[in-house]
Amino acid sequence: KKKKKKKKKKGKKPKGRKKKKGRTPKRVGPFLKTVTINTKVLPEKMSWKILKQKSRKTLCKSRKYDKWYSTIKENVKRCKLSPGVSYILQCLDKFNSGWAGGSITIQGVTYCGESFKFRAGHKLERVFRVKAS
């Protein structure tokens, strides 16, 4: 028996995974591991969110704080914040009065401290970029 050879058609690409338009590439590590929260007065009113810069989708939220004058290392690996990517940090205060001296430090840069004191309002936003570790 003779085997028939299949002819290759010109102009067709081999079948494989097609890249879909509009899909976000998977985030790759090493991801940002921790942020440092410094509380002063009324930490119960402090909270924060990290958002994607373009879509403003929430990637991460803070937990509740209750210890005055404390330094808290918070694990943010769950957020999958990739190096080289910019994000929006939202510092939130449910009493509309700022963080009263509290702050958040991300990779050595402090946010929402001096610029988010009493009478500062409900929300302060800052853009930050995750550096490679």
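Residues numbered from 1 in each chain as written. Predicted model: local features only at pLDDT ≥ 70, side-chain atom pairs only at ≥ 80, totals over all residues. Heavy atoms only, no water.

A.B. asks: What's the story with the overall build of the protein in this structure? I'm lost.
C.D. replies: The helix and strand tally for the protein stands at zero helices and eight strands. Traced from its N-terminal end to its C-terminal end, the protein shows the element sequence β-β-β-β-β-β-β-β. By the burial criterion, 35% of the 133 residues in the protein qualify as buried. Summarising the internal contacts of the protein: among those between residues at least 6 apart in sequence, 66% fall at separations of at least 24. In the form shown here, the protein has an accessible surface area of approximately 10,400 Å², with 52% of it arising from carbon and sulfur atoms. (Helix = DSSP H or I, 4+ residues; strand = E, 2+ residues; numbered from the N terminus. Buried < 20%, exposed > 50% of the residue type's maximum accessible area, 1.4 Å probe, protein only. Contact = heavy atoms within 4.5 Å. Areas by Shrake-Rupley, 256 points an atom, 1.4 Å probe, with all protein chains shown as cover.)

A.B. asks: Teacher, can you tell me more about the packing of aromatic side chains here?
C.D. replies: Here the distance between the centres and the angle between the planes together describe a pair of aromatic rings. Considering all chains together, one arrives at two aromatic pairs under this definition. With centroids separated by 5.9 Å and ring planes inclined at 35°, the aromatic side chains of Tyr 87 and Phe 128 adopt a geometry described as tilted. With a gap of 41 residues between them, Tyr 87 in strand β5 (residues 86–93) and Phe 128 in strand β8 (residues 123–129) connect regions that are remote in the sequence. Just as Tyr 87 is buried, Phe 128 falls in that class too. On the numbers, 6.2 Å between centres and 55° between planes, the contact of Tyr 111 with Phe 128 is tilted. Taken together, the residues span a long stretch of sequence, with Tyr 111 in strand β7 (residues 109–111) and Phe 128 in strand β8 at a distance of 17 residues. Phe 128 shares its class with Tyr 111; the two are buried. Taken together, the ring pairs in this structure connect Tyr 87, Tyr 111 and Phe 128 into an aromatic cluster. (Phe/Tyr/Trp six-rings, centres within 6.5 Å; stacked < 30°, edge-to-face > 60°.)

A.B. asks: When you look at unusual backbone geometry in this model, what are you seeing that I'm missing?
C.D. replies: In terms of backbone geometry, most residues other than glycine have negative phi values and most peptide bonds are trans. Backbone geometry places Ala 100, a non-glycine residue, at a positive phi of 55°. Inspection of the secondary structure assignment puts Ala 100 in the loop between β5 and β6 (103–106). In this structure Ala 100 comes out as buried when scored by relative accessible area, which is 12%. Backbone geometry at Gln 107 places phi at a positive 50°, although glycine is not the residue there. Assignment of secondary structure puts Gln 107 in the loop between β6 and β7. Accessibility expressed as a relative area gives 26% for Gln 107, which makes it partly exposed.

A.B. asks: Mind showing me how you'd approach the pairing of strand β1 (residues 34–38) here?
C.D. replies: Moving residue by residue along a regular strand, the side chains alternate between the two faces of the sheet. By the bridge criterion, five bridges tie β1 to strand β4 (residues 71–75) in an arrangement that is antiparallel. Bridging from a neighbouring strand, Thr 34 pairs with Asn 75 of β4. Two strands pair when backbone bridges link them, and β1 and β6 are joined in this way by three bridges, in the antiparallel orientation. In the sheet register, Thr 36 faces β6, and the bridge partner there is Thr 105. (Pairing = 2+ DSSP bridges.)

A.B. asks: I would appreciate a short explanation of the environment of Gln 107 in the present structure.
C.D. replies: Separated by 72 residues in sequence, Gln 107 and Val 35 have C-alpha atoms that sit 7.3 Å apart. Excluding anything up to four places from it in sequence, Gln 107 contacts Leu 32, Arg 129, Val 130 and Lys 131. Within the structure, Gln 107 has its side chain in polar contact with the backbone nitrogen of Lys 131 (distance 2.8 Å). (Polar contact = N/O pair within 3.5 Å; in protein donor to acceptor, adjacent residues only side chain to side chain.)

A.B. asks: Help me understand the state of the cysteines in this model?
C.D. replies: One covalent bond between the sulfur atoms of two cysteine residues makes up a disulfide. Within the structure shown, the criterion is met by two disulfides. The partner cysteine of Cys 60 in its disulfide is Cys 79, sulfur to sulfur 1.7 Å. Taken together, the positions of Cys 60 in strand β3 (residues 58–61) and Cys 79 in the loop between β4 and β5 put the pair 19 residues apart, joining distant regions of the chain. Both residues of the pair, Cys 60 and Cys 79, count as buried. At a sulfur-sulfur separation of 1.7 Å, the disulfide partner of Cys 91 is Cys 112. Measuring the twist about the S-S bond at about 75°, one finds the Cys 91-Cys 112 disulfide to be right-handed. Linking Cys 91 in strand β5 with Cys 112 in the loop between β7 and β8, this pair joins segments that are 21 residues apart in sequence. (Disulfide = S-S within 2.5 Å.)

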